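These are the residues of each chain, in order.
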Amino acid sequence: MRNPELNCPGCDGRRTPAQQICNACWRALPNITRGRLARRDFRTGLRLHHLRRELKAGTPLGIIRVPR
């Protein structure tokens, strides 16, 4: 039985517990968004919250932008 917590919120794919989205969805994000999400600083939580909000709203992956 599949663990629903490990389903990717961007598609029906699988992700690891350390990932927010699966590898295919990660590659579908714009380069600038991936770069900002990869950055680890005091705003990391804000950027991840923004990503989850956009995914929940059904925003297409190719146009998701997160704050700096």
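Everything discussed here concerns the structure shown above.
*Asks:* What exactly am I supposed to notice about the environment of Leu29 here?
*Replies:* Within the secondary structure, Leu29 is located in the loop between helix H1 (23-28) and helix H2 (31-38). Considering only alpha carbons, one finds Leu29 and Arg65, 36 residues apart in sequence, at a separation of 8.5 Å. Setting aside residues no more than four positions away along its own chain, Leu29 makes contact with Ile21, Arg34, Leu37, Leu61 and Ile64.

*Asks:* How should the side chain of Thr33 be read in this particular structure?
*Replies:* Along the polypeptide, Thr33 turns up in helix H2. Its relative accessible area of 0% is what places Thr33 among the buried residues. If sequence neighbours within four positions are ignored, Thr33 has contacts with Ile64, Arg65 and Val66.

*Asks:* Explanation requested: the environment of Glu54 in the structure shown.
*Replies:* As for its placement among the helices and strands, Glu54 is situated in helix H3 (residues 44-57). Glu54 sits ten residues away from Thr44 along the chain, and the two C-alpha atoms are 16 Å apart. Ignoring sequence-local partners within four residues, the contact set of Glu54 consists of Thr59 and Ile64.

*Asks:* I would appreciate a short explanation of the side chain of His50 in the present structure.
*Replies:* In this fold, His50 is placed in helix H3. Discounting chain neighbours no more than four positions away, the residues touching His50 are Arg65, Val66 and Pro67.

*Asks:* It is not clear to me how the nonpolar core should be interpreted in this structure. Could you clarify?
*Replies:* Generally speaking, a soluble globular protein has its nonpolar side chains buried in company with each other. Counting twelve residues, the largest nonpolar core is built from Cys8, Ile21, Cys22, Cys25, Leu29, Leu37, Leu48, Leu51, Leu55, Leu61, Ile64 and Val66. The biggest single contributor to this core is H3, with three residues. When sequence neighbours within four positions are dropped, the list of residues in contact with Leu37 reads Trp26, Leu29, Arg47, Leu48, Leu51 and Val66.

*Asks:* What exactly am I supposed to notice about H3 here?
*Replies:* What sets the pattern is the α-helix's 3.6 residues per turn: residues three or four places apart point alike. Given a rise of 1.5 Å per residue, 14 residues ought to cover 20 Å, and the 20 Å separating the end C-alpha atoms of H3 matches this to within 8%. By the burial criterion, the buried members of H3 are Thr44, Arg47, Leu48, His50, Leu51, Glu54 and Leu55. Mapping the buried residues of H3 onto a view down its axis gives an arc of 155°, with all of them on the same face. Residues of H3 that are exposed and point more than 90 degrees away from the buried face comprise Lys56 and Ala57. Of the surrounding elements, those touching the buried residues of H3 are H2. At the exit of H3 stands Gly58, carrying a positive phi of roughly 85°.

Reading the values: the criteria
- Residues numbered from 1 in each chain as written.
- Predicted model: local features only at pLDDT ≥ 70, side-chain atom pairs only at ≥ 80, totals over all residues.
- Heavy atoms only, no water.
- Helix = DSSP H or I, 4+ residues; strand = E, 2+ residues; numbered from the N terminus.
- Contact = heavy atoms within 4.5 Å.
- Buried < 20%, exposed > 50% of the residue type's maximum accessible area, 1.4 Å probe, protein only.
- Core = buried A, V, L, I, M, F, W, Y, C linked by side-chain atoms within 4.5 Å.
- Expected span 1.5 Å × (residues − 1).
- Arc of directions from axis to C-beta.

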